[in-house]
Amino acid sequence: MYTKALTQLDKTDSIYKQVVILALISLLATSLIFGITYLLDPSTIANLNASENFEAAPWVVGIFISPPIETFLFQTFLLLAVKRLTEMNGQSDNWFPAFLATSIIFATAHGITESSFYLGFTNTINRIPLSIALALLAISHRTKENGMPFVAVAFTHGLYNLMIFVVVIGMNLVQLNL
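A quick note: this is a predicted structure, and the numbers were derived from the prediction, not measured.

1. Details of the nonpolar core
One recurring pattern in soluble globular proteins is that nonpolar side chains are buried together. Counting 31 residues, the largest nonpolar core has Tyr 2 and Ile 139 as the members making the most contacts within it. Among the secondary structure elements, those contributing two or more residues to this core are helix 1 (2–11), helix 2 (15–40), helix 4 (59–88), helix 5 (96–111), helix 6 (117–142) and helix 7 (149–177). Top element by residues in this core is helix 6. It accounts for eight residues. Excluding anything up to four places from it in sequence, Ile 139 contacts Tyr 2, Leu 6, Leu 79, Trp 95 and Phe 99.

2. Concerning helix 6
In a regular helix each residue adds 1.5 Å, so 26 residues correspond to 38 Å; helix 6 covers 35 Å between its end C-alpha atoms and thus fits that length. Along helix 6, the sharpest kink reaches roughly 40°, centred on Ile 128 and followed within four residues by the proline Pro 129. Counting buried positions along helix 6 yields 19 of 26 residues, so the element is predominantly enclosed.

3. Things to note about the pattern of salt bridges
Considering all chains together, one arrives at one salt bridge under this definition. Here Glu 87 and Lys 83 are joined by a salt bridge, their closest N and O atoms 3.7 Å apart. Taken as a pair, Glu 87 and Lys 83 lie in helix 4 at a separation of four residues, close to a single helical turn. On the basis of relative accessibility, which here comes to 34%, the residue Glu 87 falls in the partly exposed class.

4. Considering the confidence of the model for the protein
The predicted model of the protein averages 86 in pLDDT, with 90% of residues at 70 or higher. In the model of the protein, helix 3 (residues 44–52) stands out as the element of lowest mean pLDDT, 55, in contrast to helix 5, which has the highest, 95.

5. Some words on the packing of aromatic side chains
Aromatic rings in a pair are described by how distant their centres are and how their planes are angled relative to each other. Tallied over the entire structure, the rule returns five aromatic pairs. Put simply, the rings of Tyr 2, Phe 96 and Phe 99 touch in pairs and so form one group of aromatic residues. A cation over a ring is seen here: Lys 83 above Trp 95, with NZ or CZ 5.0 Å from the ring centre.

6. Notes on the packing of helix 1 against helix 6
Viewed as axis vectors pointing N to C, helix 1 and helix 6 meet at an angle of 60°, and their least axial separation amounts to 10 Å. Compared by their axis directions, helix 1 and helix 6 come out oblique. Considering only the axes of helix 1 and helix 6, their crossing is right-handed. Listed contacts from helix 6 to Tyr 2, Ala 5, Leu 6, Leu 9 and Asp 10 of helix 1 are Leu 136, Leu 137, Ile 139 and Ser 140. Looking at side-chain class alone, the contact of helix 1 with helix 6 contains seven nonpolar, one polar and one charged residues.

7. Quick look at the side chain of Lys 83
For Lys 83, a relative accessible area of 4% corresponds to the buried category. Beyond its immediate chain neighbours, meaning those up to four positions away, Lys 83 contacts Gln 91, Ser 92, Asp 93, Asn 94, Trp 95 and Ala 98.

8. Some points on the environment of Leu 79
Residue position: Leu 79 is located in helix 4. Given a relative accessible area of 0%, Leu 79 falls into the buried group. Each C-alpha atom, one on Leu 79 and one on Thr 102, is 5.9 Å from the other, the two residues being 23 residues apart in sequence. Leave out the neighbours within four places in its chain, and Leu 79 touches Phe 74, Trp 95, Ala 98, Phe 99, Thr 102, Ala 138, Ile 139 and Arg 142.

What counts, and at which threshold
- Residues numbered from 1 in each chain as written.
- Predicted model: local features only at pLDDT ≥ 70, side-chain atom pairs only at ≥ 80, totals over all residues.
- Heavy atoms only, no water.
- Core = buried A, V, L, I, M, F, W, Y, C linked by side-chain atoms within 4.5 Å.
- Buried < 20%, exposed > 50% of the residue type's maximum accessible area, 1.4 Å probe, protein only.
- Helix = DSSP H or I, 4+ residues; strand = E, 2+ residues; numbered from the N terminus.
- Contact = heavy atoms within 4.5 Å.
- Expected span 1.5 Å × (residues − 1).
- Bend = angle between axes of the 7 residues up to and from the residue.
- Salt bridge = Lys/Arg side-chain N within 4 Å of Asp/Glu carboxyl O.
- pLDDT = per-residue confidence, 0-100.
- Phe/Tyr/Trp six-rings, centres within 6.5 Å; stacked < 30°, edge-to-face > 60°.
- Lys NZ or Arg CZ within 6 Å of the ring centre and 35° of its normal.
- Axes fitted to C-alpha atoms, helices over the stretch in contact; angles between N-to-C directions.
- Parallel < 35°, antiparallel > 145°, perpendicular 65-115°, else oblique.
- Left-handed = near helix turned anticlockwise from the far one by under 90°.
- Nonpolar A, V, L, I, M, F, W, Y, C, P; charged D, E, K, R; others polar.

Now the structure itself:
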């Protein structure tokens with residue numbers, strides 16, 4: 001599946017299509033995971049609002065500042081460090097260990113900031129689609145001749161965060177009207 005997704009991504013020449021499509025797919029997958037979580041525990045909405053409300057979240061930082069910093073840390077530094085270790089073991093064309101490590105650590109880093117294990121676990125699981133999409137995008141652009149991995153990943157991450165912001169604001173407005 002990893003190879004098939006990477007091949008499909010490589011076929012798309014437009015960086016804008018890649019950014020928008022991956023952000024939307026990540027948002028849909030996150031919504032599906034969140035929906036399943038809600039079915040298992042309906043108090044998830046209350047827990048989410050306690051964690052992700054407008055007053056508590058620095059949205060400007062989340063949309064404009066964090067994506068480039070996290071792109072550098074995870075999809076650049078960590079990805080290339082693991083890739084270098086893979087090359088030292090004689091597997092120069094194998095990006096899978098770097099993909100796996102980057103995806104897991106990125107998702108986990110977003111979950112460990114929560115106040116409880118449950119919220120941390122839920123937040124980590126909800127970040128898996130985005131972490132997979134960003135790692136695939138970074139690898140795809142690193143293997144292209146004129147790829148722009150940093151720009152593509154940072155913009156995709158920022159767009160995803162913006163869409164999450166709109167969803168959270170919408171949820172808060174709906175709850176105010178109830």
